[in-house]
Structures are given as structure tokens and as C-alpha cells.
Protein chains: 4
Amino acid sequence: MSTTLTHTTKLKVKFHECDPLRIVWHGNYLKYFEEGREDFCHTHGISYLDAESNGYATPIVSSSCEHKKPLAYGDKFTVETSFENAASAKMIFTYKIFKNEELICTGRTVQVFLDQNNELSLINPEFYQAWKSKINL
Amino acid sequence: MSTTLTHTTKLKVKFHECDPLRIVWHGNYLKYFEEGREDFCHTHGISYLDAESNGYATPIVSSSCEHKKPLAYGDKFTVETSFENAASAKMIFTYKIFKNEELICTGRTVQVFLDQNNELSLINPEFYQAWKSKINL
Amino acid sequence: MSTTLTHTTKLKVKFHECDPLRIVWHGNYLKYFEEGREDFCHTHGISYLDAESNGYATPIVSSSCEHKKPLAYGDKFTVETSFENAASAKMIFTYKIFKNEELICTGRTVQVFLDQNNELSLINPEFYQAWKSKINL
Amino acid sequence: MSTTLTHTTKLKVKFHECDPLRIVWHGNYLKYFEEGREDFCHTHGISYLDAESNGYATPIVSSSCEHKKPLAYGDKFTVETSFENAASAKMIFTYKIFKNEELICTGRTVQVFLDQNNELSLINPEFYQAWKSKINL
């Protein structure tokens, strides 16, 4: 039984995202991941603003990216964002970027829940647990 | 009698600031202006955080840049930030960027004061007027 | 008789484009203008890569933005990019950003043509003149 | 016998690097790492431009960051960049960012060598091997 939810976002490389090597500057992939993640969250009804209205911030505590191929100016690509069902109180997303059928890079981000006193939540906040139940996780 | 205060900031072009034309992407000059402005404000004792602790935000309502020459990766340059003493309730800064003696670009930003109700202040806030007095403006 | 071509691009504010005031950082509007301009150029068949394949770079020599209202995280907005038919050898675009019906900001960029020796072209390059003819300008 | 070279770079958080959570946006740490790496390379005489003049590009193929604490607007911090002596034809750097004595984050980047045909170099290019010899690695 799979517990993976995946969402696909279509994007296009912009001029200001490219560097003197004429490829996307490596740090900009974290922007693409963020776009994929926000698109996922919007689609699946769990946004950054939901977290906030429930009194939580969800800062990223870990991020990584493995590059296989570069993207260049004007390239169209897709970000596949998948939700990884974590046992601990963390939101984990993995990413795959494709140009046509070709894998460009993979990535992963981990977010935690900070309450209004800036304390790390060791269990899933209620609103988050409710969301997981709603999508059968 | 001059009412111009000027501050000089030394910077160096970073790789991620350059575009496929191998020059600084035009929008990044606004970052250089911000660095110059913050350096000016820090030196002259009037920071963004001062505004905030006095209940004001100081958003930029106008910005412009005229480019004469490009900057390339690794170039060292200076930002000359000047305070323009405005009659109205605005903070106006002008900028000149030089590489060696050569003028690279000029720019200008205008900021207004918004109070805690997000209302535009039509007169100079007290903390700002006090600062201007202190520096004899 | 109007000589204005206009193109509209729909965008959405991303988290990483917002600053501690919780609004879009002013310099990011130049990215939105670039997206509008590239979308315009793609639609009207005159891209940055066309210029390049014809031996020209088209750096921005002037940019400005006048802000009326802020945009915040998640806001949907449109960029209206208009081509201004210049007498001299310049590409001039003006921009209006709207959220719903409300005007958020206006802007303008000017680009020149540099040939392969990095010399400023004082007349319109052939490929550009041909494009203007094609669209009846 | 240690084969680690370390270089320290002092930086300060800029306004435009912070997000609506009022902390540095996570992707901007890759910019800090780049500043640390370029500073290291400049100090130790092995720059991106050296690679280029020898016919190589050195794209980043892997990057990661583990966040312990956030940085906020105006914070002063140091980037400790260390060179990891790899067996294979890779340039590996690790990073530690400190605010005062406190560890803010750790990171790592891996670069490869691409020749002028965009082919991956499986052995160290000569200029790179010469540099390593010069610093006794």
C-alpha cells in the first residue's frame, strides 16, 4: 500500500535564473522545489498559511539536491513533488525534475513545526494530523 | 550649503549575481543599492529596525537605475549612497556605482512611512525628524 | 492609430519573493517585468535567443518601477507588458501589474543592441527591423 | 596528518535575504556557501576563472544544508569553508556557519570538471593537480 502523494508542476527556466555557464544556477533549484511544494500543498489543502493560522511556523531544517543534467534558458520542465509520510513530527518532501523524459535532478526538504514560543513540536500539531487523516495517511 | 550626506560601500560581484551575458543581471543592482543604503543607515544611526521599533514600516515606492557600463564576475566596485533631503515625508537616496574611477550606473529609491494601521504618514515621524536634527538637516 | 502591442501574463507571488515586511521585495518586480517581457517576446516571435543568433546582445540600460500597492504571499496578479515603438535603436517596454482590477505598480525598461564587438548599434539591426515590419510597426 | 584547508569569511545578513518568517530564506545559504567558497579559492589561488582559462567548467552536482538555528536580518556571521581532499576528480567543500560561537548550519557541495566538449573528466585536470601539489595535497 503506497503512502505517497505526488503532484506535478510545469515550469520554464527564466533568464535571471541562469548563470554565466548559461545554465540554471544550482541554488535556484531550491526555488523550483518550493514552487512544487507550494503547488502540492495548495492542491492538497495544506498551506503555509494554514500552519500559520494554527500558530505554527514550518521552517526548513534540511535540504539537498543531486544534479544529473543542467537546465538552460527557456527549457520547459516539470517538478514532481512527493510527500513522504514521516513517523516523527516532520514534513518531508522529495522532488524530481524532468525535462521531457530526462531526469534533471532529485531533491529533498525536511520541515519541522515551531510553535508560537519558537519551541520545536515533538508531536504532530492537531491541524496537521487532521490533514493527514483526511488524505488517509 | 550642501545638505548631502554620502557613504561609500565596497563590494565585489559574486558568481550567482551574473547572467548568461556574463554580466551582473540588471535587477541585482537594486540589491547593491540596498547594501549601500543599509550601510549608510547603519553608519549614520538610522536603521530599518529603528523605524520598526517606532511603529513604522518604510517600503520603497519608487526605484530606478540607469546603466552606463556592465559589471562582470569578480569585479570590485563601490556604491556611493547619498541622502537627499526631501521636503515631504519621504526618505530619498541616490546611488552611484563606480569601478575604479569609471561610472557604472546611477540609481534612486524613494521610501515612505507607513504607520501601524498601514496608513501613509504625511509628516515626518518624530524619530525621523529627531534623526534629521541630529545630523543638522 | 495605436502602435502599442500588449501582452498579459498571469503570475502568483511565491514565498521566497517576500521580505520581512511580508510583501514582495521591491527588486523582485524586475523579475516579474522580465517574465512579462519574455512572455511578450515569445508570443510575438522576437526572443532574446533571436537577438543572440543574429549576433546581438540586448542589455537593459534603464529600468524603473513605481509602486502603488504591495503584493503579498499567494497573491495572484497579471503583468501587462506593452511594446513602445521607439524612434531610436532601442527596445522599450512598459509594464502594469494588476491584482484583480487594482493597479499595483508600473514600470519601464529600455534595452539597446550591442554587436559582437560590444559596440552600441545606432540603427536597428536587420532582424529587429524585419520583426517590426512583420507586426506593422 | 590533516589534509583539510579551511578559510573563514565574515558576512552580514541583508534585508532582501530574509523571508516573511523574518529569517534568512533557506535557499540563500547556498549563496553564503558560494561566497565562502569563492573567498577560499581566491585566497588559495584556485579560482573559477582559472578553471575556465584551462578549458574546464566546474558545475555543482550535489549540494546540501542542515539547519540548526536561523539567522535574522542584520546578524553577523562567519562561513568556515573547508576543502575535502577527494580521491576522485571532484572538488568537495564543506561549510559551517557560525553566529558568535553558535553553529547555525552545516553544508556540503560537490563539483565536477567538464571539458570543452561538455564531457565529464574522470581524472583531475592538470591545472587542478598542479594546484593540489602546490598546497601539498
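In what follows, the structure referred to is the one given above.
What follows deals with the relation of the copies chain A and chain D. After a rotation of 180° and a shift along the axis of 0.0 Å, chain A superposes on chain D with an RMSD of 0.0 Å. The superposition of one copy onto the other is thereby described by a two-fold rotation axis. In terms of C-alpha distance to the rotation axis, chain A has Ser64 of chain A as its closest residue, with the C-alpha 2.0 Å off the axis. Comparing contact sets, 100% of the residues at the interface of chain A also lie at the interface in chain D, consistent with an isologous, same-surface contact.

A separate point is the environment of Lys134 of chain C. Residues and elements named next belong to chain C. Mapped onto the fold, Lys134 is located in helix α3 (residues 126-134). We classify Lys134 as exposed; its relative accessible area is 59%. Residues Lys134 and Ser88, 46 residues apart in the sequence, show an inter-C-alpha distance of 18 Å.

Another aspect to go through is the sheet that holds strand β5 (residues 102-112) of chain D. The sheet built from 10 strands is open, its strands ordered β1(A)-β3(A)-β4(A)-β5(A)-β2(A)-β2(D)-β5(D)-β4(D)-β3(D)-β1(D) with antiparallel pairing. On the outer flanks of this sheet lie β1 (5-12) of chain A together with β1 (5-12) of chain D, each paired with one strand and no other. In this sheet, adjacent strand axes meet at a mean angle of 15° when their direction is disregarded. Note: strand β3 (residues 76-84) of chain A against strand β4 (residues 90-99) of chain A, seven bridges, orientation antiparallel. Residue pairing in the sheet places Thr81 of chain A in a bridge with Tyr95 of chain A of β4 of chain A. Contacting β1, β2 (60-67), β3, β4 and β5 (102-112) of chain A, helix α1 (residues 29-43) of chain A crosses the sheet at an angle of about 130° to β1 of chain A.

This next bit is on empty space enclosed by the protein. The tally for this structure, following the rule as stated, stands at four cavities of 30 Å³ or more. Taken as a whole, the largest cavity encloses approximately 310 Å³ of empty space. Listing elements by their share of the lining of the largest cavity, those giving two or more residues are α1 of chain A together with α1 (29-43) of chain C. Here the second largest cavity is characterised by a volume of approximately 260 Å³.

With that out of the way, let us pick up the interface of chain A and chain C. Accessible area lost upon the coming together of the parts is a frequently used measure of interface size. Between chain A and chain C, the contact holds 14 residues from the first and 14 residues from the second. Between chain A and chain C lies a buried interface of about 1600 Å² when both sides are counted; carbon and sulfur atoms form 49% of it. On the chain A side of the interface with chain C, the three residues burying the most area are His16, Tyr48 and Tyr73 of chain A, jointly 32% of the side's total. At the surface where chain A touches chain C, the tally comes to four salt bridges. For Arg22 of chain C, the salt bridge identified is with Glu52 of chain A, shortest N-O distance 2.6 Å. Counting the contacts that link chain A with chain C gives eight residue pairs in polar contact (both at pLDDT 80 or more). Of all elements in the fold, only α1 and α2 (48-53) of chain A reach the threshold of two or more residues within the side of chain A that touches chain C. The leading source of residues in the side of chain A that touches chain C is α1 of chain A, at five residues. Residue composition of the side of chain A that touches chain C, grouped by class: four nonpolar, two polar and eight charged.

Calculation criteria
Residues numbered from 1 in each chain as written. Chains lettered and ligands numbered in written order. Predicted model: local features only at pLDDT ≥ 70, side-chain atom pairs only at ≥ 80, totals over all residues. Heavy atoms only, no water. Least-squares fit on C-alpha atoms with pLDDT ≥ 70 in both. Contact = heavy atoms within 4.5 Å. Helix = DSSP H or I, 4+ residues; strand = E, 2+ residues; numbered from the N terminus. Buried < 20%, exposed > 50% of the residue type's maximum accessible area, 1.4 Å probe, protein only. Pairing = 2+ DSSP bridges. Axes fitted to C-alpha atoms, helices over the stretch in contact; angles between N-to-C directions. 1 Å grid on protein atoms, 1.4 Å probe; cavity = no way out; pocket = protein on both sides within 12 Å on 5 of 7 lines; lining within 4 Å. Points joined across faces, edges and corners; volume = space filled by probe spheres on them. Buried area = accessible area lost by both parts, 1.4 Å probe. Salt bridge = Lys/Arg side-chain N within 4 Å of Asp/Glu carboxyl O. Polar contact = N/O pair within 3.5 Å; in protein donor to acceptor, adjacent residues only side chain to side chain. Nonpolar A, V, L, I, M, F, W, Y, C, P; charged D, E, K, R; others polar.

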